[in-house]
Amino acid sequence: MLIADDLEKFFKILPDFVREPLEKHHNQEFLIEVVMDLGRRPEARFPDGPEYLSSSIVSWHDLNFSIKKIGYFSGDNRAGIESTLHRISSIRNRKGNVIGLTCRVGRAVFGTISIIRDLLEKGNSLLLLGKPGIGKTTAIREIARVLADEMEKRVVIIDTSNEIAGDGDIPHPAIGRARRMQVTRPELQHQVMIEAVENHMPEVIIIDEIGTELEALAARTIAERGVQLVGTAHGNYLESLIKNPILSDLIGGVQYVTLGDDEAKRRGSQKSILERKTVPAFQIAIEIHERHSWVVHEEVDKIVDQLLQGSKLFLQRRKFNNDGSIYIECESFCSKEFMNYNNHINKSLNMGIRTKQYMDSIKLFNSVNDDLVKTSYRSSSRFLSQLNLNNNRNISLNNSAIILYVYGINIKQIESIIDSLKLSIILTMDLIKADMILALKSYIKTNSKIRRIAKSKKITIYTIHNVNLNTITRAFKQMLSLYQISSIDFTNLFNNRSILEINALLEVKFAIEKIIFTQKESVQLLPQFSNIRKLQYNLINFYNLKSSSFELDNRRKVIIYSR
């Protein structure tokens with residue numbers, strides 16, 4: 001293996017009393033990181049353990065020396081050294097001042113993935129698991145280079161912390177011809193993942209540290225669209241991912257089902273069991289327990305099924321030998337921990353226990369339905385003409401289209417209806433960008449994740465019972481009506497109006513939103529002059545309600561009818 005570590009650039013950011021012992025150290029090629037905490041002695045960490053570098057303690061001046069050499073820290077408190085793979089992470093006090101630095105050495109290790117090259121050639125999506133610092137990022141960096149240079153595929157790297165391709169605008173040569181997309185803020189990683197698919201036509205997408213629900217959803221979306229995924233996640237074993245409610249969707253998710261008596265007898269199991277919910281986003285999973293020893297799961301779906309059933313597994317372990325050869329062995333494995341966990345769930349179900357612990361256990365296994373991926377993300381964003389709001393009514397609107405997320409309905413059918421009716425609707429692949437969600441009721445009611453995200457982001461969900469032209473068109477009309485109402489700019493509407501006009505318009509708004517919409521009752525407004533009634537009519541029309549006027553005591557009133 002060939003290793004490129006740029007240690008001379010790494011040493012330049014360190015104070016002299018830290019740098020000099022490292023330059024003379026006999027084990028510097030194995031250096032993992034250097035830790036400098038205010039008021040403590042500097043420490044170097046190696047595979048066989050840490051050691052102090054000096055008897056002197058780190059001062060504010062020493063930290064500032066290194067910070068000035070590094071430059072800008074991003075939102076996740078990480079920085080880099082230009083044109084290297086080194087990563088510098090900071091620890092801050094309550095005032096935001098840096099009081100500690102973790103300076104990790106980044107190495108490009110060429111030849112590390114020969115151990116799984118046959119798996120890459122299959123074109124399946126691949127997930128690497130392992131604890132921090134075990135070498136996951138080093139591995140996917142080399143995977144990116146091999147896929148781009150040797151297999152000549154279009155590779156795009158989503159580099160959230162500039163850890164894969166290094167700091168600066170020019171990527172490190174270690175990624176070869178692969179392209180790199182930087183992420184402005186860590187919480188936007190899922191959006192950049194979708195953007196990469198829409199804009200750059202990749203055959204492979206590389207993602208480091210999938211860690212949130214939205215990133216897991218985006219990963220499933222990318223995999224379902226035929227793009228090969230290579231990603232990493234924290235977790236030593238595959239079963240730890242199964243029990244992670246945020247990331248379990250990457251390997252198919254888990255749900256509990258109740259079997260009939262005959263089926264339970266046929267299987268020889270209890271009536272309530274755990275099952276994999278859908279097809280995994282990653283077909284291959286690799287556990288990295290040691291740098292030179294990897295456990296390979298070539299068929300994730302079958303392995304997950306066996307884990308849930310408590311069956312004995314046969315694992316494939318691949319090792320690097322000292323002479324550069326690769327040794328593959330098969331070993332049996334049975335996860336007693338997971339069997340006990342599964343039995344606990346089943347026992348709770350069969351005894352009818354409804355404790356908080358039990359409910360939390362069941363909630364842990366809720367995952368989004370596979371149809372979300374099949375239907376919701378297939379269309380790229382499209383900018384259509386704005387809806388023609390006719391009848392010049394002198395009411396100011398915020399002229400923006402509805403951003404719509406579709407779930408459980410054929411996207412092509414939705415696009416066809418939008419185009420034929422020339423509606424002001426833009427389809428999105430990103431749930432949190434949506435103004436509204438249009439979903440099939442039978443699908444959305446079983447997916448707690450979408451409902452939870454919609455609730456937290458205050459996104460309106462419209463449901464339909466069946467999928468046909470009339471039902472979808474009617475739903476669009478209702479959505480446009482509500483969105484049109486919410487888009488009324490009352491600040492501009494009240495501008496340059498008299499007190500009488502403003503009060504009359506506020507009376508309409510209150511009557512409709514507080515009485516007609518909630519109590520389903522018609523409302524009579526106060527008597528007004530004809531010019532003010534005209535303003536009221538215009539506002540009522542925007543709510544798509546019917547109205548009329550009648551005369552009482554020589555004064556005309558407007559009445560608004562409920563639907």
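Scope of this entry: the structure provided in the associated data block. Remember, predicted model here, so these are calculated numbers, not experimental data.

## Regarding the packing of aromatic side chains
The description of two aromatic rings rests on the distance between their centres and on the angle between their planes. Taken as a whole and assessed by the stated rule, the structure comprises 2 aromatic pairs. Their ring planes at 65 degrees and their centres at 6.1 Å tell us that Phe 10 and Phe 11 sit as a pair that is edge-to-face. The residues Phe 10 and Phe 11 share a single accessibility class, namely buried. Residues Tyr 407 and Tyr 443 carry aromatic rings whose centres are separated by 6.3 Å and whose planes lie at 70 degrees to one another, so their mutual orientation is edge-to-face.

## Brief notes about the nonpolar core
Among the nonpolar cores identified, the biggest contains 43 residues, and Ile 158, Ile 205, Leu 229 and Leu 238 are the most heavily contacted of them. If you look at the next biggest cluster of nonpolar residues, it comprises 31 residues, including Ile 115, Leu 126, Ile 175 and Val 204.

## Considerations on the packing of helix H7 (residues 213-224) against helix H16 (residues 448-457)
Running from N to C, H7 and H16 cross one another at 130 degrees; their axes reach a closest spacing of 12 Å. By the angle class used here, H7 and H16 are oblique. Read as a crossing pair, H7 and H16 show a hand that is left-handed. Each of Glu 213, Leu 214 and Leu 217 in H7 lies in contact with H16, whose residues at this interface are Lys 449, Arg 452 and Ile 453.

## A few points about the sheet that holds strand E25 (residues 547-552)
Reading across from one edge, E24-E26-E25 is the order of the 3 strands in this open sheet, with antiparallel pairing throughout. Of all the strands in the sheet, the pair left with one neighbour each is strand E24 (523-524) and E25. Relative to strand E26 (residues 555-560), E24 runs antiparallel, the two being bridged by 2 bridges. The partner of Gln 524 across the bridge, within E26, is Ile 559. In the packing of helix H20 (residues 530-542) onto the sheet, contacts are made with E25 and E26, and the angle to E26 comes to roughly 5 degrees.

Each value, and the rule that gives it
- Residues numbered from 1 in each chain as written.
- Predicted model: local features only at pLDDT ≥ 70, side-chain atom pairs only at ≥ 80, totals over all residues.
- Heavy atoms only, no water.
- Phe/Tyr/Trp six-rings, centres within 6.5 Å; stacked < 30°, edge-to-face > 60°.
- Buried < 20%, exposed > 50% of the residue type's maximum accessible area, 1.4 Å probe, protein only.
- Core = buried A, V, L, I, M, F, W, Y, C linked by side-chain atoms within 4.5 Å.
- Axes fitted to C-alpha atoms, helices over the stretch in contact; angles between N-to-C directions.
- Helix = DSSP H or I, 4+ residues; strand = E, 2+ residues; numbered from the N terminus.
- Parallel < 35°, antiparallel > 145°, perpendicular 65-115°, else oblique.
- Left-handed = near helix turned anticlockwise from the far one by under 90°.
- Contact = heavy atoms within 4.5 Å.
- Pairing = 2+ DSSP bridges.

Just distances and angles here, no functional claims.
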